[in-house]
Every structure is written in structure tokens, then in C-alpha cells.
Amino acid sequence: KKNVFFFVLSFSRSNGDEDLQAMKAGAMLRKVKSRSWKKQRHFRLQEDGQTIWYKSRWAGTGHSTFSVADVDVVREGHQSEILLSIADEFPADLCFTLVFCGRRSNLDLVAESASEAQVWIRGVRKLIQNTKSMNDKERLDQWIWDWFQKADKNKDGRMNFKEVRTLLKMMNVDMNEEYALRLFTVRLPSSSTSGCLENEEFVQFYKMLTEREDVWRVFQDYSRDGQILTLAELEDFLKQEQQEGERSLEHAQELIDRYEPSENAKKHGAMSIDGFQMYLVSPEGAILDPQLLALHQDMSQPLSHYFICSSHNTYLMDDQLRGQSSQEAYIQALKRGCRCVEVDCWDGPNGEPVVYHGHTFTSKILFRDVITTLAEYAFKVSEFPVILSLENHCSMEQQRVMAQLLDTILGDTLLRAPLDRLVPQELPSPQDLKGKVLLKAKKIGGVEESETLTDEVTDEVSDEDEADPKSLSAEALRLNDKFSRELSDLVVYCKSVHFHSFEYSRQHSKCYEMSSFSESKARKLAKDTGAEFVRHNSRQLSRVYPSGMRTDSSNYNPQELWNVGCQIVALNFQTAGPEMDLNDGLFSQNGCCGYVLKPDFMRNDDSFDPERPQDRNGYTSLRLSIQVISGQQLPKVNHKEGSIVDPLVRVEIYGVFQDQAKQETSYIDNNGFNPLWNETLNFIVHVPELALVRFVVEDYDKSSRNDFMGQFTVPFTCIQPGYRHIHLLSKDGTAIPLSSLFVNIKISELTTEV
């Protein structure tokens, strides 16, 4: 029998390509971790065309692997700090870097020859392109192929019952042995003498495992004959369940054209169960409205009217006591849509300013290199402005060097003067400032007076020192007792000023003046004078940063500060967790451009108090009902053989104080493959415009803390009601292939009896 199925796209493409064939043959490459750690490893592309395997010649049977799907990009030459550090030893044409998705460290490699380096550079790039161009069916085929490869222990291209039992455990299924044997036997061909499933039979076996009874029930509710959905029946489903209203008929036809695999059904304007399931697992069937993923908001309002994706201590890859400072941290933050990055500058040797966390053991990098990285990566993901938040601890001489470097490296992208040379009455918009870098720092005088002031100002300190006077040191005062005119002149719309009071700001502050607040100070202001904080932030920018006590670079809850309209809520991007999930969730909308328009009641003079949301004009609360139906192919958290998860789902609401809530389902014993809950969780949401909904899946443990399995966070206003799939993300924020929740969401106005 021909192995028809496993003509997998990436596998078949790799067979005819010289580079990929050479990668399969393998090569000795040097893996480089530092100037002193350079070790040879044998690398090769495995037969699936998706997995790269490598090991030391001394490692015995031990080896490591990674999937090409986890590689974001290949950089050629000395394009990492590590490879630059060995440039005197290995020329650029031997070197390349694999950059992974998420927070995983880069892999720096050195080939034996320039031609071998090119084979791997071209080959990995082709594989990345192949992976990105796969459609949903091809991804599923690849996924099945991967499982087959893992379970086929003896590599004979067939699967006996023992291997099938192992496979079920690997796939998070604890199935009764008798039932598993029955499924296995049903799929054995009558002609089989080996008692093994071959490729085609394995596919059928997999399909039996993955039949979606939950989707079938929904399909049956709207299909009169139980076999197909007519155009009218699909329209009825979209109108009744998916709440699509008038465009349901037009959309029904679009869905049939797009997802129905049967040409015969298409011809008759109908959808089969296969097409229905393909629609439900597609982006159109996801919880996050794909139309709101694209750039769609008004970008012509003042900067103060937007939440701005912001990073704290951007240079750090780890904690702020001993962590590594790296240009790579800036690249990763900018790739995630960050639009406000921080640079802590100190005097360095040879007249060159350096960037690091002062008075700690964090490593140092050159200010010059940081600005060069910013120039290259600032606008690759988003064209809207980047704010460079400068923590200046340098002497006058090195401040002048900083100004010169900013000027020469950033060139025309650096904003040096107000737009149209006019004194601003309100901040310009992201649209007006496209492709510009704005410097946030101290400024001598105001924009109006910058031509007539003296060259120096005394007793200047950095934002974070100023915000917390206890942190002032003699050295900080000594180094910052002067501020250079050259650097001052580069500050236009983000002049750092001390915050006195909301009353003082209302009477005296200019629109281009902004203050920084420690998280504790900002929280206190939010709690005590929330409505005033909202009004202040409708006119001026506010930056909030984590407490200096967070030496582990942990994060605070950003939602509390978004609730009062703070735009620049800076987080430690290098630290995964719920706080960064909220940040990623908020900024996943609007084209991931790093700017999200605040609700209208936070942009005008209306009095909005997050502590009393019912007092605002037009207040309406909503009921959110979430039926958690099922899970699909949830990830394992313990990779020991035989270990299977007991999953539960928790739904968390983040928003104003009255909206903070969480509820969870019961846990399902020993089934991470297709657990079925059918449990409904209900919430009341008072300010949906500010709310975020976080879905978390955990492995229940009665004797210790539950293990995290996956999550997805979505702005309430971006939720699509109806039957939806939630495609889960890892702790790092990367997609977990084929892992999802199936839910039914209903949103309705809360009616109160008079």
C-alpha cells in the first residue's frame, strides 16, 4: 500500500531541495554561548522536515531538539552581541543566529565554512517560510505526522498496539485498555498479518480519537436532516447563536465558500460537519474578533488619549540585581509592539556612556549599541512613535556624547522640534508622529523658551530618583547636578517634571509635561483621587514603573493604572506571568501597533470615577455568560511517561474594582486530550470598555499548587459572542499548536427591576 497520507507538505518539499538534503545529512557547528564557551555540536534536520536535532559527540544517547515552527528568523553574520564578541576569531560569513519566538534565548552558531553556513541559513529560512505558508489542514497533517514519529519507537513505519498505548499517554489520554484495543482492532485492515496500523489506518484511528461530539451536537441543533446545513440553516445559526444580525446570509455564503471541503456541498450552497468544524476552529470562529485584530481605531487623537505599550528596564534579560543587559532585550520588546522603552545611562570608560541597572551586578552595554538597535528595529512591527524614556545619571561630558549619538544614529527619525514649529496647545497624535522617536527626559525650561535659556540647570535627577526621594544618593546628586543643553534640546513633547498635585497640574502644567510615578504612589492616587487622575490623564501623559523592591523583576497589576487612564504603564517584559498576559491581551487589538484608544469617557471632561462607575453618563452593566464546553489537545505539564493531566478552566475578569472576579470549572480526571466540562460561569461587568477576560487552564493537584497549562487574554470589547474556540498560549505568550477551549458566550444587558 502506498503511504498516501504522509506526503506532508514540508516533508515533501524538503526531499527535492539540496540545502534541506544537506541539513538532513548533518553538520558539525559550533554552538556559542560566550567568548569563552564555544563547543562543537552535531546538528541535523530530521526526516519530518520540521525538527532540528543536535548533540555533543560525548553525550552518548543524550540529545536536544527544537521545532522550526519555534524559530522566528535567521540572522546572518555578526548580528548578536555574542557573535560580535568573537568577530576577531570567526569571520561574519561563518556565523548566523537562530532567533526563537517568545522569551527563549537565541542560538548562536558558527559553521566550518562559508558555504556550509549558507546551506543552513538558506535551509532554515525555507523551512520557516514553509511553516508560515501552511494552511490549517496542512498544519493538522504535520501535527499527526509528528505524533506518528514520536510513537513509532522502532521506526518501521507501522504502529503496534503497545506503541498506540504509548501514543495515547503522550497525547494526554487515559483510555480504558479494552476500549483502546477495540478502536485499534476496528482500524486494522482485514489483510493485516502484522497486527499493526500503517499510515492510512493510523490517520483513521486518529480521526476516531478526535471526533468532536460537542461540535456535532451544535450542528445537529440546526441541521434538519442531520447531514448538512443548508444556506438558510447556517444563516439561522449565525443569527441566533453567533449574534451576527443582518449580515448573516452574506456571511453564511462566504463561510461555505471558504471552509467547505466538499465541492458537491459547495455547489448546493450547503455546509457539511467537516466544513462546520473547520469554520469553528478558524480565526473567524475564534473568541477574538478578527476585524478588531487589524488596525481600526482613530489614530488622530492626542497621545494622552491612548494606552501605550511600555517596558521598564528594557535592557534587562533577567532580574535587576545580576541579570544580563542586552540589545536583544530591546529587539524582543519592540517585536512585541512595545512603544516606550527605557534606557538607564551611566558614565562609561573611554568617554562612552553605558546602559545598566546602576549600583547592581547587572552587565553593561554601550548606549551607542542600544540606539543603533533602536534605529534598526523601532518601526518593524509598528509605524507609530516610539518614546525613549531616558534615566540620565551621566556627567555633562557624557550627556553631550549621548546627544551626539542620538542625533547621528537616529537621524531624521528623532523628533527635534514641535510639529510645524508651533507651541503645542495639545499633544500631537500617533498619526502625526508616525516613524518618529520621542525623547522623554528632563528639559531646560519649556518648548516656548528653549532658544533663550542658559546652557545648564542644577539639581537635576532622574525620573525614578525624583519620584522616590529616599533613593537619592550622594553620587546621584553629584552626577546629575548639571544637565546639558544639547540633550535638553532633543526633548519636545515628553518633558519630565515633578508631580506636585492634580490641582497644581491643572493650573500650571503644559500638555508636553509628564510625570513618572512609582506603582505604590500611583496606586494611592488611583484609590484616593481616581476621578482626578482620569481627568489629569486626559490632558497629560503619566508613566508608572515597578517598585524598586522588585529585585526579581516581577510585575504589578497594570489594570489598576489603566483604570485611571495612565498611558505608560511600564512592565518588565522579560518576566512572564499574568501581568504580561494582561498587557499582551490589551495590545493584541488594533494591529498590535502598541497604541489602544482609551474609552471616550476617559478622553473628555466627563467625571469618570472607577470606584463609582454607575455614576457616569450612559452607564449600562452587562451580563457575561460563558459555557465552558470542552478542551482539545491540551499540553502536558509533566513529561514523565504515563503522566496525564487533570485539567480545569478558570475565567478571570480584570477591570474596575467592582468587576474583579474569577470562577472555575471542576477538574476532569486524566484527560487532557478531549476533556468535557459543559459548565456555565456567569459574571456582571460594569465597565466593559476597560475589562479584560483571561482564560486559564491548569492541571489540578489536590496536594500542591496547580500547574499552569495555557491561557488566553482578550479585551471584553473584542469578544465575539456565540460558539467560539479559544486558542491557548504558553506562559511565554507563544501559540500551543492545536490546543484550544470550546465555549459558548452570551452577552446581554443586565436588566434591573424598578
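Fair warning: this is a prediction, and the values are worked out from it, not measured in the lab.

Q: Mind showing me how you'd approach the environment of K155 here?
A: Along the chain, K155 turns up in the loop between α5 (136–151) and α6 (161–170). The exposure class of K155 is exposed, given its relative accessible area of 54%. On a C-alpha basis, the gap between K155 and D72 in space is 30 Å, while along the polypeptide they are 83 residues apart.

Q: Would you mind going over the packing of aromatic side chains with me for this structure?
A: Each pair of aromatic rings is reported with the distance of its centres and the angle of its planes. For the structure shown, the criterion picks out 22 aromatic pairs. Put simply, the rings of W216, F219, Y222, F237, F276, Y723 and F742 pair up and form one aromatic cluster. The ring centre of F100 lies 4.0 Å from the NZ or CZ of R104, which sits over that ring.

Q: Help me understand unusual backbone geometry, please; the structure alone is not making it clear to me.
A: Across the chain, the bulk of peptide bonds are trans and the bulk of non-glycine residues have phi less than zero. Its identity as a non-glycine residue notwithstanding, H359 has a phi of 60°, on the positive side. Considering the arrangement of structural elements, one finds H359 in the loop between β12 (354–355) and β13 (365–366). For Q633, which is not glycine, the phi dihedral falls at a positive 50°. For Q633, a relative accessible area of 15% gives the class buried.

Q: Looking at this structure, how should I read the nonpolar core?
A: In a soluble, globular protein the nonpolar side chains are often hidden away together inside. Counting 68 residues, the largest nonpolar core has V343, F367, L374, L388, L390, L406 and L439 as the members making the most contacts within it. Apart from residues lying up to four places away in sequence, L406 is in contact with F367, I371, L388, G411, L414, L439, L487 and L490. Ranked by size, the runner-up nonpolar core spans 32 residues in total, among them L634, V651, V714 and I719.

Q: Is there a simple way to think about helix α2 (residues 18–25) in this case?
A: Within an α-helix, residues lying three or four positions from one another point in the same direction, as the helix has 3.6 residues per turn. Of the residues making up α2, those classed as buried are D19, L20, M23 and K24. Projected onto a plane normal to the axis of α2, the buried residues spread over an arc of 140° and lie on a single side. Counted as exposed and oriented over 90 degrees from the buried face of α2: E18 and A25. Sitting at the amino-terminal end of α2 is D17, which places a side-chain oxygen 2.9 Å from the backbone nitrogen of D19.

What counts, and at which threshold
Residues numbered from 1 in each chain as written. Predicted model: local features only at pLDDT ≥ 70, side-chain atom pairs only at ≥ 80, totals over all residues. Heavy atoms only, no water. Helix = DSSP H or I, 4+ residues; strand = E, 2+ residues; numbered from the N terminus. Buried < 20%, exposed > 50% of the residue type's maximum accessible area, 1.4 Å probe, protein only. Phe/Tyr/Trp six-rings, centres within 6.5 Å; stacked < 30°, edge-to-face > 60°. Lys NZ or Arg CZ within 6 Å of the ring centre and 35° of its normal. Core = buried A, V, L, I, M, F, W, Y, C linked by side-chain atoms within 4.5 Å. Contact = heavy atoms within 4.5 Å. Arc of directions from axis to C-beta. Polar contact = N/O pair within 3.5 Å; in protein donor to acceptor, adjacent residues only side chain to side chain.

Read these as layout, nothing more, since geometry by itself doesn't imply function.
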